[in-house]
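The primary structure of each chain is shown beneath.
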Amino acid sequence: MKSTIIRIGLLALSILAISLLHYLTPLHLHYLHDIFQRFYYLPIILAAIWFGLRGGLICSLAVSIVYAPHILFQWGGGLTLEMEKYLEIVMYNVVGGITGLLSQRERERSIELEKTAHGLEESYNALRLQSERIITIEEQLRRAERLSTLGEMAAVLAHEIRNPLGSIRGTAEILRDDYQPGNPKFEFIEIQIKETDRLNHVVEDFLRMARPQAVEMRRCSLREELEMIVTLTGSDARDRHIKLVLEPFKGDALVRGDGEKLRQAFLNIIMNALQATPTDGNVIISHRQTASGEALYYEICFRDSGPGIDEETVQHIFEPFFTTKADGTGLGLAITKKIIEGHGGTLEVKSGIGAGTEVIVQLPVLAEGQEQ
Ligand SMILES: Nc1ncnc2c1ncn2[C@@H]1O[C@H](COP(=O)(O)OP(=O)(O)OP(=O)(O)O)[C@@H](O)[C@H]1O
Ligand SMILES: [Mg+2]
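Residues numbered from 1 in each chain as written. Chains lettered and ligands numbered in written order. Predicted model: local features only at pLDDT ≥ 70, side-chain atom pairs only at ≥ 80, totals over all residues. Heavy atoms only, no water.

The protein chain is annotated in an unreviewed UniProt entry as histidine kinase from Pelotalea chapellei. According to UniProt, the comment filed for the protein chain under the heading Catalytic activity (unreviewed entry) is "ATP + protein L-histidine = ADP + protein N-phospho-L-histidine." (UniProt positions renumbered as here; feature names shortened; annotations may be inferred.)

Below, the structure written as structure tokens:
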């Protein structure tokens, strides 16, 4: 706006200056008048470039009006004598019109080009986003394929291991009966039984994950399930001198799910948090309701003050058998993810070295009328 006013002022000033030159220069210096006459093209062309057709025409008209009295009253105004000057006035208007028209077209074209460039940039960005998404999905598919083949093989293996394990345990128990506690052989057999139990536990865990299980989906209160798990893990937390807090619920936080499976998922997450948190640390479980599009979710956040997980490790923690613990199976989070996703929810981990860890579970809110 300010620059428009300055431009108009400049044009008016230059027209005024050129006209004054005409009106004040004696007529016998006609060669000077011939030069001044051409000066008018300058503001006319400028006005056409700056303001388009309308600007060019208004300026050439203004020049004609200011210049005409000079021809009429100072030069006498005879049509044949001053023919060349009248023609110049016509030329002013022709030049104003044509230059204005051309500059206007140019401007319209450049606006259109800009719009096309903008559209192209948007399409390019959308395309890039899509291709990134395709690459991620492809990667996930490849990994899933690898895991499923590996999983099938491992499931067969696990099944084959379980039966001999039962026999080993049984025979070890019989052998133990031959010795008294305190006898070194009794201790060895005890270790054998304990280790067999541990192995059996791993195999059971694995099979539970690999085998599609019948889920009992029914109305289920997240408040009740979480309270139960927190009570269950409370003594463990106290032994480790960790403050385990479940922020109070206002309602029941109802979802459709299998209570036992959800408890197992929450237990895995809380156990990980307790194992990672140092003495005098804390594990806080908070919750809120969120919406994603039309769907409503309960978001449960398990936050611990542990050492956190580096970026590279976070990429792998949901993979079966990934563990950084000497006695871990690496199945906890893999099972948990499967359970949560089986409930139409999502599981996400946010962490960084020194920043603690946040495990976020989202589960769909039980819809009204969806009681069973
Ligand atoms: N809250 C946490 N803080 C730091 N690291 C974590 C946390 N939760 C999980 N992890 C990391 O993710 C790995 C995988 O966890 P996951 O529960 O699947 O297996 P695990 O705990 O090692 O074994 P298991 O659960 O069978 O005892 C862990 O070994 C650990 O390195
Ligand atoms: Mg674990």
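Q: Looking at this model, I keep getting lost on the overall build of the protein chain. Mind explaining?
A: Helix and strand counts for the protein chain come out as nine helices and seven strands. A globule of 372 residues ought to have a C-alpha radius of gyration of about 21 Å, yet the protein chain, at 43 Å, is considerably larger. Along the three orthogonal principal directions, the C-alpha set of the protein chain runs to about 145 × 45 × 45 Å. Scored against the burial criterion, the 372 residues of the protein chain give a buried share of 33%. (Helix = DSSP H or I, 4+ residues; strand = E, 2+ residues; numbered from the N terminus. Rg over C-alpha atoms; globule rule 2.2 N^0.38 Å. Buried < 20%, exposed > 50% of the residue type's maximum accessible area, 1.4 Å probe, protein only.)

Q: Just checking my understanding: could you explain the packing of aromatic side chains for this structure?
A: Both the distance between ring centres and the angle between the ring planes are used here to describe each pair of aromatic rings. A full pass over the atoms with the stated rule returns seven aromatic pairs. Measuring from centroid to centroid gives 5.5 Å for Tyr40 and Tyr92, while their planes differ by 75°, and the two rings are edge-to-face. Placement of Tyr40 in the loop between helix 2 (30-39) and helix 3 (41-74) and of Tyr92 in helix 4 (residues 83-176) is noted, with a sequence separation of 52 residues between them. On the basis of relative accessibility, which here comes to 0%, the residue Tyr40 falls in the buried class. Residue Tyr92 is classed as buried on the basis of its relative accessible area, which comes to 0%. Within the aromatic cluster, the residues linked to one another by ring pairs are Tyr40, Tyr41, Tyr67 and Tyr92. Positioned above the aromatic ring of Trp75, the side-chain terminus of Lys85 is 4.1 Å from the ring centre. Over the face of the ring belonging to Phe318 we find Lys337, whose NZ or CZ atom lies 4.7 Å from the ring centre. (Phe/Tyr/Trp six-rings, centres within 6.5 Å; stacked < 30°, edge-to-face > 60°. Lys NZ or Arg CZ within 6 Å of the ring centre and 35° of its normal.)

Q: Just checking my understanding: could you explain the UniProt feature "transmembrane region" (unreviewed entry) in the protein chain for this structure?
A: Cross-referencing UniProt, the feature "transmembrane region" (unreviewed entry) maps to residues 6-27 and 39-66 in the present numbering. Annotation note: span residues 6-27, helix share 86%, strand share 0%, distance between end C-alpha atoms 33 Å. Measuring from the first to the last C-alpha atom of residues 39-66 gives 14 Å, for a span that is 96% helix and 0% strand.

Q: Would you take a moment to explain the domain arrangement of the protein chain for this structure?
A: Interfaces are frequently sized by the accessible area removed from exposure as the parts join. The domains assigned to the protein chain are domain 1 (2-115), domain 2 (144-210) and domain 3 (219-364). Taking only C-alpha atoms, the centre of domain 1 and the centre of domain 3 are 79 Å apart. (Domains from an automatic or database assignment.)

Q: Help me understand the site of ligand 1 in this model?
A: Around ligand 1 sit 17 residues in total, of which Asn272, Thr323, Thr324, Lys325 and Thr329 are the nearest. Protein burial of ligand 1: of its 590 Å² of free accessible surface, 88% is covered by the chains. Where the shell around ligand 1 is concerned, the elements lending two or more residues are helix 7 (259-276) and helix 9 (332-342). When residues in the shell around ligand 1 are grouped by element, the largest group, three residues, is from helix 7. Here the residues of the shell around ligand 1 sort into seven nonpolar, eight polar and two charged. (Near = heavy atom within 4 Å. Areas by Shrake-Rupley, 256 points an atom, 1.4 Å probe, with all protein chains shown as cover. Nonpolar A, V, L, I, M, F, W, Y, C, P; charged D, E, K, R; others polar.)

Q: Can you help me understand helix 2 in this one?
A: Each α-helix turn comprises 3.6 residues. Residues three or four places apart therefore point the same way. Restricting attention to buried positions, one finds in helix 2 the residues His33, Phe36 and Gln37. Buried residues of helix 2 fall within an arc of 105° about the axis and therefore sit on the same side. (Arc of directions from axis to C-beta.)

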